[in-house]
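The residues making up each chain are set out below.
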Amino acid sequence: MATVAAAPHLPQPRSTRLLRKRILVYSGLTLYAVLAGLPVYWMLITTFKADRDLYNLQNFPLWFNQAATLDHLNLLFNKTGFTGWLVNTLIVAVAVVAITLVVAVPAGYAMARLRFPGAETLSIGIFLTYLVPTTLLFLPLVKVIASVGLFDKLGSLIIAYPTFTIPFCTWLMAGFFRTLPQEIEEAAMVDGCSRIGAIPRVVLPLSIAGMLTVAIFAFTLSMQDFIYALSFVSSSDQKVVTIGVVTELIRGDVFFWGSLMAGALLAGVPVAILYSFFLDYFVKGITGGAVK
Amino acid sequence: MAGAVTIAARRARQWRSLPDLLERQSVLGVVLVSGAILYMLALVGYPFALALYLSVSDANVATSGLGNFVGFDNFVSLFQSSVFLTALRNTLFFTLIAAVFKSFLGTTLAFLLAENLPGTRVFRLIILLPWTIPIALSSITWKWMFDSQYSIINWIGTHLGIIHGNPPIWLGDPNLAAASIIIVNIWRGFPFAAIILLAGLTSIPQDILDAAKMDGANGLVRFRKVIVPMIAPVLFIGGLYDLVFSLTDMTVVNLLTNGGPANTTHVLASYAFLVGVQSGALGRGAAIAVLLLPILLIVIILVLRSLKRREI
């Protein structure tokens, strides 16, 4: 398939070297795509495969040997809390995005535009909080969350996730504000606007793309968490989707693989695709301007 | 003269009302960052300090207080525990092995993507899946792929002629279980390594590479002497990010092996979870997590050093 895609673009006589190189590059990429994609493909096949087909390796397992089935999806939606977990995920996501925007946008603006005492220290400090692992914080946070009465509640995740979305998104917003020409506020300020007035009137409307990126990241980074959700929440009806899928579809030693993979597919792949479209901003965010 | 008076008067006025005060950059700056600072102090700074305290206490999930001060008892007993020592060794060993493979796979992939042939975007989307899919969901998928009876990996291996005779029981054997954890870590991290490198590669002006080529530097020499030094800062931050993740992640271990068989595959993070949350010994758990700090610090210094040396 890869070589076919290359064919129309080949220059006619010039060289077999170029052709050889293209074949090499495409076969390399194909190999990597198979390595990367196999688990996701297996998720997809498992989701729609009847159990009798799934647990029979005499047949060719990578395709359907019996009619595809919706049984696993049926079980997932009707016999587990899956829809509830999706709703919980949405609630947590919206709240975390809101907190992150409210905190990170002003902080990012200040870091990009204003000269104030301690600005340098602050930007280093924010970078360092990246390096404080959630593994170190989850145990004391159990205590903190219990003391404010949020243990085993969605609220625990809503207050915990901004600890990693805020530093990242502040950096991202600061980088974004630096790309806006300074003249924008200056012009508004000459026209009699105060800086406070200029921010909502001229700066924020130009920053919608940046804020959207921040919102996407606050959401996708929250979806990557496992340790907080596992440590703070144990009631089935308070779980977010990632944790619900990997904990509630296992009864003792029995794994409901069809429904497990259905849940992983439905919750994971949309997030993955969304994330990958914004990945370049992520790279820019963590390298903090080291890349042009 | 009159101008100077107006400026002085305006300055005096700035001190009087709140909106005027906010026009001063030093005041507005502090106000705008205060939300972030307070949030991080309350939910990162304070828990960080609390983690240090818990590590020298006998705090427990069941008791409401913060336990009693027990000095270095937690640390002493940890270093006498064979499970802890295994977890410590695994943390370093898994991270190191995975890093070697991720660097190799990531580098070759970055050069393939940098060719930017038609269709690269589609390949990129597929190849990024391991990095972008939530780690808990991919870990459980790998558990299914390593299943003792219906492992798709064993089926493919057998049919490609790589596996002969009885298929391996991946998660039931200490060495294979360790290999499985490393495989998932590599699978998850190599796309990120490639993307970071690619971002660096595309930032290097082509004429510098051409000049090196004219001077007779071959591909490998160009990579080591021109490309790596030029993108060292990016490599440093990307490498750091990946190392922090690899050293501190408990998701893969927790879902794939849960430390088994017989506690041979724990890493510090999964062991801290086992002790701190599942057994409820917050103090001991915190002590395990706190021991990640010196390891992180050493790793950061080593990475920084090796990149500095390359720059010279």
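About the thresholds
Residues numbered from 1 in each chain as written. Chains lettered and ligands numbered in written order. Predicted model: local features only at pLDDT ≥ 70, side-chain atom pairs only at ≥ 80, totals over all residues. Helix = DSSP H or I, 4+ residues; strand = E, 2+ residues; numbered from the N terminus. Rg over C-alpha atoms; globule rule 2.2 N^0.38 Å. Buried ≥ 20, exposed ≤ 12 C-beta atoms within 10 Å, placed from the backbone. Contact = placed C-beta atoms within 7 Å. Expected span 1.5 Å × (residues − 1). Domains from an automatic or database assignment. Nonpolar A, V, L, I, M, F, W, Y, C, P; charged D, E, K, R; others polar. Core = buried A, V, L, I, M, F, W, Y, C linked by C-beta atoms within 7 Å. Axes fitted to C-alpha atoms, helices over the stretch in contact; angles between N-to-C directions. Parallel < 35°, antiparallel > 145°, perpendicular 65-115°, else oblique. Left-handed = near helix turned anticlockwise from the far one by under 90°. pLDDT = per-residue confidence, 0-100.

*Asks:* Explain the overall build of chain B to me, please; I cannot follow it from the model alone.
*Replies:* Regarding its fold elements, chain B presents 16 helices and zero strands. Rg of the C-alpha trace for chain B: 26 Å, well past the compact-globule value of 20 Å for 312 residues, more than 25% over. Taken along the three principal axes of its C-alpha coordinates, chain B extends 100 × 70 × 35 Å. In chain B, which comprises 312 residues, the proportion classed as buried is 43%. Once local pairs closer than 6 in sequence are excluded, the contacts in chain B between residues at least 24 apart make up 65%.

*Asks:* Help me understand the overall build of chain A in this model?
*Replies:* In terms of helices and strands, chain A carries 16 helices and two strands. For 292 residues, the compact-globule estimate of 2.2 N^0.38 gives 19 Å, and chain A exceeds it by more than 25% at 24 Å. Considered along the principal axes of its C-alpha atoms, chain A spans approximately 75 × 70 × 30 Å. Within chain A, buried positions represent 43% of all 292 residues.

*Asks:* Before we go on, may I ask you to explain helix α9 (residues 162-179) of chain A in this structure?
*Replies:* Each full turn of the α-helix corresponds to 3.6 residues, which orients residues three or four apart in the same direction. Here α9 of chain A contains 18 residues, and its C-alpha end-to-end distance of 25 Å stays within 8% of the 26 Å for a straight helix at 1.5 Å per residue. Across the 18 residues of α9 of chain A, 15 count as buried, placing the element largely inside the fold.

*Asks:* Looking at this structure, I do not really get the interface of chain A and chain B. What am I missing?
*Replies:* Accessible area lost upon the coming together of the parts serves often as the stated size of an interface. Contact residues are listed per partner, giving 80 residues for chain A and 78 residues for chain B. Examining the composition of the side of chain A that touches chain B, we find that 14 residues originate from one element, helix α2 (residues 16-48) of chain A, more than from any other.

*Asks:* Would you explain the domain arrangement of chain B in this entry?
*Replies:* Residues and elements named next belong to chain B. For chain B, the domain assignment lists domain 1 (2-55) and domain 2 (73-311). Each of domain 1 and domain 2 has a C-alpha centre, and these two points are 41 Å apart. Each side of the interface is counted separately: domain 1 has four residues, and domain 2 has seven residues. In terms of residue class, the side of domain 1 that touches domain 2 is made up of three nonpolar, one polar and no charged.

*Asks:* Any chance you could explain the domain arrangement of chain A here in plain terms?
*Replies:* Residue and element names in this part refer to chain A. Split into domains, chain A comes out as domain 1 (2-69) and domain 2 (80-287). With centres defined by C-alpha atoms, the gap from domain 1 to domain 2 works out at 34 Å. On the side of domain 2, seven residues touch domain 1, which itself brings eight residues to the contact. Elements with a minimum of two residues in the side of domain 1 that touches domain 2: α2 and α3 (51-54). Here the side of domain 1 that touches domain 2 gets five residues from one element, more than from any other, and that element is α2.

*Asks:* Looking at this model, I keep getting lost on the nonpolar core. Mind explaining?
*Replies:* Across soluble globular proteins, you tend to see nonpolar side chains buried next to one another. One finds L157 and M173 of chain A together with L268 and I288 of chain B to be the most contacted residues of the largest nonpolar core, which totals 172 residues. No other element matches helix α9 (residues 174-202) of chain B, which puts 17 residues into this core. Those residues in contact with I288 of chain B that lie beyond four places of it in its chain are L78, F84, L268, Y271, A272 and V275 of chain B.

*Asks:* Sorry if this is basic, but what is going on with the packing of helix α5 (residues 82-113) of chain A against α9 of chain A here?
*Replies:* Any two packed helices are characterised by the angle at which their axes cross and by the distance between the axes. Residues and elements named next belong to chain A. Across the interface, α5 lies against α9 with an axial gap of 7 Å and an inter-helix angle of 40°. Classed by the angle they form, the pair α5 and α9 counts as oblique. Considering the relative orientation of α5 and α9, their crossing is right-handed. Contacts from V96, I99, T100, V103, A104, V105, A107, G108, Y109, M111, A112 and R113 in α5 reach P162, T165, I166, C169, T170, M173, A174, F177 and R178 in α9.

*Asks:* I keep staring at unusual backbone geometry and nothing clicks. Help me out?
*Replies:* A negative phi angle characterises most non-glycine residues, just as the trans form characterises most peptide bonds. Residues and elements named next belong to chain B. Geometrically, the link from G260 to P261 is a cis peptide bond, its omega value of -5° lying close to zero. Examined against the element boundaries, P261 turns out to sit in the loop between α13 (251-256) and α14 (268-278). Phi at N258 takes a positive value of approximately 50°, unusual for a residue other than glycine. Here N258 lies in the loop between α13 and α14. Positive phi outside glycine occurs at N263, with the angle close to 60°. On the secondary structure map, N263 appears in the loop between α13 and α14.

*Asks:* Can you help me understand the environment of W142 of chain B in this one?
*Replies:* Summarising the element assignment, W142 of chain B is placed in helix α7 (residues 135-145). Given 23 C-beta atoms within a 10 Å radius, W142 of chain B is considered buried. Spatially, the C-alpha atom of W142 of chain B lies 13 Å from that of I169 of chain B, the residues being 27 residues apart in sequence. Beyond its immediate chain neighbours, meaning those up to four positions away, W142 of chain B contacts P39 of chain A together with V184 and L256 of chain B.

*Asks:* Help me understand the confidence of the model for chain A, please; the structure alone is not making it clear to me.
*Replies:* One rule of thumb: low pLDDT means the predicted coordinates there are not for detailed reading. Residues and elements named next belong to chain A. Averaged over every residue, the pLDDT of chain A is 88; the share at 70 or more is 94%. Helix α8 (residues 154-160) holds the highest mean pLDDT among the elements of chain A, 96, whereas helix α1 (residues 2-6) holds the lowest, 45. Residue range residues 1-6 is modelled with pLDDT below 50. Its contacts to residues more than four positions away, or to other chains, number 12 contacts.

*Asks:* Looking at this model, I keep getting lost on the confidence of the model for chain B. Mind explaining?
*Replies:* Residues with a pLDDT of 70 or more make up 93% of chain B, whose mean pLDDT is 89. The secondary-structure element of chain B with the lowest mean pLDDT is helix α1 (residues 2-14) of chain B, recorded at 54, while α7 of chain B shows the highest, at 97.

*Asks:* Just checking my understanding: could you explain the packing of α5 of chain A against helix α12 (residues 208-223) of chain A for this structure?
*Replies:* All names here are of chain A. Contact geometry of α5 with α12 gives a least axis separation of 9 Å together with a crossing angle of 130°. In terms of axis orientation, α5 runs oblique to α12. Crossing hand, α5 versus α12: right-handed. Contacts from V92, A93, V96, V97, T100, L101, A104 and V105 in α5 reach M211, V214, A215, A218, F219 and S222 in α12. Across the contact of α5 with α12, the residue classes tally to 12 nonpolar, two polar and no charged.

*Asks:* Before we go on, may I ask you to explain the environment of A209 of chain A in this structure?
*Replies:* All names here are of chain A. Mapped onto the elements, A209 comes out in helix α12. Judged by the 10 C-beta atoms lying within 10 Å of it, A209 is exposed. Along the sequence, A209 and K153 sit 56 residues apart, while their C-alpha atoms lie 32 Å from each other.

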